[in-house]
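# Breakdown of the fold
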Amino acid sequence: MLKEIDQSKTPLFDALKAYHEREVIPFDVPGHKHGKGLAELAEYLGPKVLEVDVNAMECLDNICNPIGVIKEAEDLAAKAYGGEHAYFLVNGTSSGVQAMILACCNPGDKIILPRNAHKSAISAIILSGAIPIYIQPEIQDRLGIAMGVSLESVKNAIEEHPDAKAIFMINPTYYGVVSDLQSIVTLAHQKGMLVLADEAHGAHMHFHEEFPLSAIAAGADMSAISIHKTGGSLTQSSLLVLNSKKVAAESVKSVLNLTQTTSASYLLMISLDIARKQLATKGKELLDGVLELSRYARNQINEIGGYYAFGKELIGTPGTYDFDESKLGINVKDLGLTGYEIERILKIEYNIQVEIADLSNILCIISLGDQRKSIDILIQALKDIKKKYGKQQAKDIITPPLRNPELIVSPRDAYYSLKRVVKLRDAIGEVSGESIMAYPPGIPVITPGEKITEEIVDYIEALKEQRSMLQGTEDPYVNNIKILGQQPVG
């Protein structure tokens, strides 16, 4: 009989508390020495925060080769998510995405992934030397956003590239859309391909049956999960879960050690330990509350008029197999305003911060810490905005140009090639040497090695007009871009 796992335990947190209670005199790093050397911050945060900001030592284990309390905490996390192995991450899910791809793809290996993958996947492709095979996500015309990928598009990609090493999936998208991951996993495994999941926005889903299926539950080989986004841990703390016979746990650890810090924050790691305990022991109860608030907010916002808080009614439309209701996406185009304009008004006039905005929508995340009071404040603000700023004519949607730009050179080769700087509009027809993306959500409009089209430049200029936060280029204002080719002499 298998031994029952006690998810109420927090081995790393307990070890850190025991260390703190000893009142050790530190002659090691960090240099602030339990906060005494950074008095202003200690006074503001409270002394205990800095007192437990300590370095790795035998009694607290080491993230690079965990054999003690970190290993115990990781094992509990693995079991909580239905996996065999788990790895604490202190550089966000981006590091987990990079580790998954580096662990599975050698230079020249093909990896199938949706075009709306996060920039960390593109970074991993550059680092690994893999060749991306993009699947076109479905576009929701009314909302102007990318949805999931269809099973048919995955089948076609597999048939055209039977030698692909892995399929990379998003579960869910930023706006809560979920593809038919279980069927995709079955198909991929039949063809001998690994399935890797970016579950940055799905940390909560495994712990309540009314949310979409988590990646590991769907049979994926690996999943990178942002516990800090919807699971309750501190920003930058994430989890990588492995559940595969084809990927060695030791290899994953080795890959992580290529890039991760040797001085991991114990504040971040104990927050993972505690958040896992909370999800495993109280997740159902807490997520009942999240669902109740999300459904209440949607109903109230849709009664205002001019707004469309979209949800599970999208299930069954192209690219939407299921939907995560904790993602409160609100389409605002019928007000004659952009999502960026609504975001700024909410922030400046109502002291409300939304997660992201695009040309047609805003996104609010409903999670474990939300309360009815904050939801009501948001609803009232949206009512006021409609009265004060609503226009008669709906805003035209500019659809993101995700129509798979032509890949001329592999991302890795393009990244290391000679480049020259040109004005953005002068780059039409050239091969990009940089990425450009709006962040959040961090989905590239163009990546290294791809041909720059007029449609892409038009879209980037539209984003700039709306003061979207663009990044990826060395030029912080994205007036210029690097393209392949040597700088002319003279």
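Now for a quick tour of the structure.

### A look at the overall build of the chain
Scanning the chain from terminus to terminus reveals 15 helices and 20 strands. Taken against the 2.2 N^0.38 rule, which gives 23 Å for 490 residues, the C-alpha radius of gyration of the chain at 23 Å falls within 12% of a compact globule. Taking all 490 residues of the chain together, 54% fall into the buried category. Considering only contacts within the chain whose residues lie at least 6 apart along the sequence, 72% involve residues at least 24 apart. Carbon and sulfur atoms provide 50% of the accessible area of the chain, an area that totals close to 21900 Å². When the 49 positive and 62 negative side-chain charges of the chain are each reduced to one mean point, those points stand 1 Å apart.

### Here's the deal with the side chain of His201
Relative to the assigned elements, His201 resides in the loop between strand 8 (194-199) and strand 9 (222-225). In this view, His201 contacts Pro172, Thr173, Tyr174, Lys229, Thr230, Asp324 and Lys327; residues no more than four positions away in its chain are not counted.

### Regarding the sheet that holds strand 17 (residues 436-438)
Taken together, 3 strands build an open sheet; the order of strands is 18-17-19 and the sheet is antiparallel. Only two strands of the sheet have a single partner each, and these edge strands are strand 18 (443-446) and strand 19 (470-471). Inspection of the sheet shows strand 17 paired to strand 18 by 3 bridges, in the antiparallel sense. Looking at strand 18, one finds that Ala438 is bridged to Ile443. The sheet contacts of helix 15 (residues 454-465) involve strand 17, strand 18 and strand 19, and relative to strand 18 the element is tilted by about 125°.

### Here we look at the environment of Asn156
Counting through the fold element by element, Asn156 comes out in helix 7 (residues 151-160). Classification of Asn156 as partly exposed rests on a relative accessible area of 32%.

### So, helix 8 (residues 181-190)
Those residues of helix 8 that fall on the buried side of the exposure criterion are Leu181, Ile184, Val185, Leu187 and Ala188. Seen along its axis, helix 8 keeps its buried residues to an arc of 165°; they face one direction. Against the buried residues of helix 8 lie helix 7, strand 6 (166-170) and strand 8. Backbone geometry just after helix 8 places Gly192 at a positive phi near 75°.

### With respect to the packing of aromatic side chains
The full count for this structure, using the stated rule, is 5 aromatic pairs. Here Tyr81 and Phe207 contribute two aromatic rings whose centre-to-centre distance is 5.0 Å and whose plane-to-plane angle is 80°, an arrangement assigned as edge-to-face. With Tyr81 in the loop between helix 4 (69-80) and strand 1 (85-89) and Phe207 in the loop between strand 8 and strand 9, the pair connects residues that are 126 residues apart, well separated along the chain. Judged on exposure class, the residue Tyr81 and its partner Phe207 are both buried. Aromatic ring contacts, followed pair by pair, group Tyr175, Tyr308, Phe310 and Phe323 into a single cluster. Residue placement shows Arg142 over the ring face of Tyr308; its charged tip is 3.9 Å from the ring centre. Lying over the aromatic face of Tyr296, Arg372 brings its terminal NZ or CZ to 3.6 Å of the ring centre.

### Structural notes on the nonpolar core
Among the nonpolar cores identified, the biggest contains 85 residues, and Tyr81, Phe88 and Leu346 are the most heavily contacted of them. Sort the elements by how many residues they give to this core and helix 11 (residues 266-304) lands first, with 15 residues. If sequence neighbours within four positions are ignored, Phe88 has contacts with Leu12, Ile63, Ile70, Ala73, Glu74, Ala77, Ser238, Leu239, Gln260, Met269, Leu272 and Asp273. Within the second largest apolar cluster, 30 residues are counted, among which are Leu89, Ala99, Leu194 and Leu240.

### A look at a nonpolar patch on the surface
Taken together, the side chains of Leu38, Leu41, Tyr44, Leu45 and Val49 define a hydrophobic patch exposed on the protein surface, amounting to about 480 Å² of accessible area. With 3 residues, the single largest contributor to the nonpolar patch is helix 2 (residues 39-45). As for its position among the elements, Leu38 is in the loop between helix 1 (11-21) and helix 2. The partly exposed category is assigned to Leu38, whose relative accessible area is 39%.

### A few points about the layout of surface pockets
Summary: where empty space remains is shown by rolling a probe the size of a single water molecule over the atoms. Here the second largest pocket defines a volume of roughly 370 Å³. Along its surface, the second largest pocket is lined by 16 residues, and Ser123, Ile126, Tyr415, Ser435 and Gly472 are the ones closest to its centre. Class assignment of the residues belonging to the lining of the second largest pocket gives a composition of 6 nonpolar, 5 polar and 5 charged.

Cut-offs and rules
- Residues numbered from 1 in each chain as written.
- Predicted model: local features only at pLDDT ≥ 70, side-chain atom pairs only at ≥ 80, totals over all residues.
- Heavy atoms only, no water.
- Helix = DSSP H or I, 4+ residues; strand = E, 2+ residues; numbered from the N terminus.
- Rg over C-alpha atoms; globule rule 2.2 N^0.38 Å.
- Buried < 20%, exposed > 50% of the residue type's maximum accessible area, 1.4 Å probe, protein only.
- Contact = heavy atoms within 4.5 Å.
- Areas by Shrake-Rupley, 256 points an atom, 1.4 Å probe, with all protein chains shown as cover.
- Lys, Arg positive; Asp, Glu negative; His and termini not counted.
- Charge placed at Lys NZ, Arg CZ, Asp CG, Glu CD.
- Pairing = 2+ DSSP bridges.
- Axes fitted to C-alpha atoms, helices over the stretch in contact; angles between N-to-C directions.
- Arc of directions from axis to C-beta.
- Phe/Tyr/Trp six-rings, centres within 6.5 Å; stacked < 30°, edge-to-face > 60°.
- Lys NZ or Arg CZ within 6 Å of the ring centre and 35° of its normal.
- Core = buried A, V, L, I, M, F, W, Y, C linked by side-chain atoms within 4.5 Å.
- Patch = residues over 30% accessible without salt bridge, like charges linked within 9 Å, V, L, I, M, F, W, Y side chains within 5 Å.
- Salt bridge = Lys/Arg side-chain N within 4 Å of Asp/Glu carboxyl O.
- 1 Å grid on protein atoms, 1.4 Å probe; cavity = no way out; pocket = protein on both sides within 12 Å on 5 of 7 lines; lining within 4 Å.
- Points joined across faces, edges and corners; volume = space filled by probe spheres on them.
- Nonpolar A, V, L, I, M, F, W, Y, C, P; charged D, E, K, R; others polar.

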